[in-house]
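One letter stands for each residue in the lines below.
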Amino acid sequence: MKRENKESVSTDNCCTASDRRERAGQGGPEGADAVLLAELLPGSERGGTEGPVGSRAKPGDEASDRSKRSVVFMPPGRGRWSMELFGTAGIRGSVQERVTPDLALAVGRAVGADIRAEAAADTGSDRPEVVVARDGRTTGEALAAAAEAGVESAGADVRRAGVLPTPALAYASQGRYGVMLTASHNPPTDNGIKVFVDGQEYDSERESAVESRVADGTPPAAWDEWGGSETVAPLPGYRQAVVEYARGHGAAADGLAVAVDCGTGTGALGTPQVLRELGARVVTLNGQVDGHFPGRESKPTPETLGDLRRVLSDSDFHFGIAHDGDADRIVVLDSEGGIVHEDTVVAIVAEQFVRAATAPDPVVVTTPNASGRIDERVAAAGGRVDIIDRKSV
């Protein structure tokens, strides 16, 4: 039964179904379908049948005849997610209440429709590619499948990459798009969605466009315009790219002893292999991908890294590394198990880039809340720091 014909379903002669919806304050699409469904179900209080709610109508009864009619259901998305979806690091939340397969489908379709329109305008091609990957969470497989269905039903092609660290998905999205199913360092009950274009995470403007399409309920493309999918394996290429990049920066890793706590996250698929390829001796903790995070909490903190800190203090390692669930976060520890402050890590990296720079006046850009350690190391290397307030950018 088409939506435009549903007025004929009502058996209440006093008014139409839409009249009753307006009277009840349920004029929106979701409220409309809820009212219609209640009218069609046998035993419904709205259906006017005798007996308690849930009682079975007898053959030949008016309610029995109504129960055989078609029911119009709400398309996924429309009117359901009008709130702001994206936070500072994508979409995150409980897989039972927020980041559900319904939402993954709606976001996938919104992304597919948006980039398909963009690709057609920029290149004349309307079949962009989207690499879809996930971290090791137990809910990731189902959510990835839903996101893939959304992308394909919008008319874009999916490149299914399986379980990856988030930086590997970003690498694989160069020259195309990417969707990563991950909640980073959140607990295993959560999951999330990040969207990439050409190796970079979506900016606020692109995220707002996706939110608008999700709120409006983007319909599927025509049946003969749906995209297809194939499996890709970007992980080996990503690891090799990191190895080659590292060899061009700093001293060789030959002879270094490094302890790596992967936190049973997808860092286990990248960091130990890269360090070994560079010549380091690597010992891993929690080195199997397990979305339950049985070894420790996914977020690496001084409290959750007790095992790694003890290993470092009791053994002969030069330093340690710890990751979160999708390996887009790193914590560095010294040889005694002490946490190296993140500003110190940034300062060391900034100093290295300044020393390697060929520009006559190398500049490092920081924000007002950045540590003075960065200024000191950059100045010692012959560079200078410019401070920019992010609110003014």
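Residues numbered from 1 in each chain as written. Predicted model: local features only at pLDDT ≥ 70, side-chain atom pairs only at ≥ 80, totals over all residues. Heavy atoms only, no water.

Engineer: Quick question: what am I supposed to make of the overall build of the chain here?
Structural biologist: A count of helices and strands for the chain gives twelve helices and 13 strands. Taken across its 393 residues, the chain has 45% of its residues classed as buried. Contacts in the chain between residues at least 24 apart in sequence constitute 66% of all its contacts with a sequence separation of at least 6. (Helix = DSSP H or I, 4+ residues; strand = E, 2+ residues; numbered from the N terminus. Buried < 20%, exposed > 50% of the residue type's maximum accessible area, 1.4 Å probe, protein only. Contact = heavy atoms within 4.5 Å.)

Engineer: How should I be thinking about the side chain of Arg-159 in this particular structure?
Structural biologist: By the secondary structure assignment, Arg-159 is in strand β3 (residues 157–163). The class of Arg-159 is buried, set by a relative accessible area of 10%. Excluding residues that lie within four positions of it along the chain, Arg-159 makes contacts with Glu-129, Val-130, Val-131, Val-132, Arg-176, Gly-228, Ser-229, Glu-230 and Val-232.

Engineer: Looking at this structure, I do not really get unusual backbone geometry. What am I missing?
Structural biologist: Trans is the common state for peptide bonds, and a negative phi is the common state for residues other than glycine. Even without a glycine there, the phi angle at Asp-198 is positive, about 50°. Residue classification places Asp-198 among the partly exposed residues on the basis of a relative accessible area of 48%. Phi angles above zero are rare outside glycine, and Asn-286 is one such case at about 50°.

Engineer: How do you make sense of the sheet that holds strand β9 (residues 281–285) when you look at a structure like this?
Structural biologist: Taken in spatial order, the four strands make up an open sheet running β9-β8-β10-β11, and their pairing is mixed. Each edge of the sheet is formed by a strand with only one pairing partner; in this case those strands are β9 and β11 (330–333). Averaged over all neighbouring strand pairs, the angle between strand axes comes to 20°, with direction disregarded. Bridge count between strand β8 (residues 257–261) and strand β10 (residues 319–323): four bridges; the pairing is parallel. Note on β10: the bridge partner recorded for Val-258 is Phe-319. (Pairing = 2+ DSSP bridges. Axes fitted to C-alpha atoms, helices over the stretch in contact; angles between N-to-C directions.)

Engineer: How do you make sense of a nonpolar patch on the surface when you look at a structure like this?
Structural biologist: A cluster of nonpolar side chains, Tyr-245, Val-349 and Phe-353, forms an exposed patch at the surface whose accessible area comes to about 300 Å². By the secondary structure assignment, Phe-353 is in helix α11 (residues 342–356). (Patch = residues over 30% accessible without salt bridge, like charges linked within 9 Å, V, L, I, M, F, W, Y side chains within 5 Å. Areas by Shrake-Rupley, 256 points an atom, 1.4 Å probe, with all protein chains shown as cover. Salt bridge = Lys/Arg side-chain N within 4 Å of Asp/Glu carboxyl O.)

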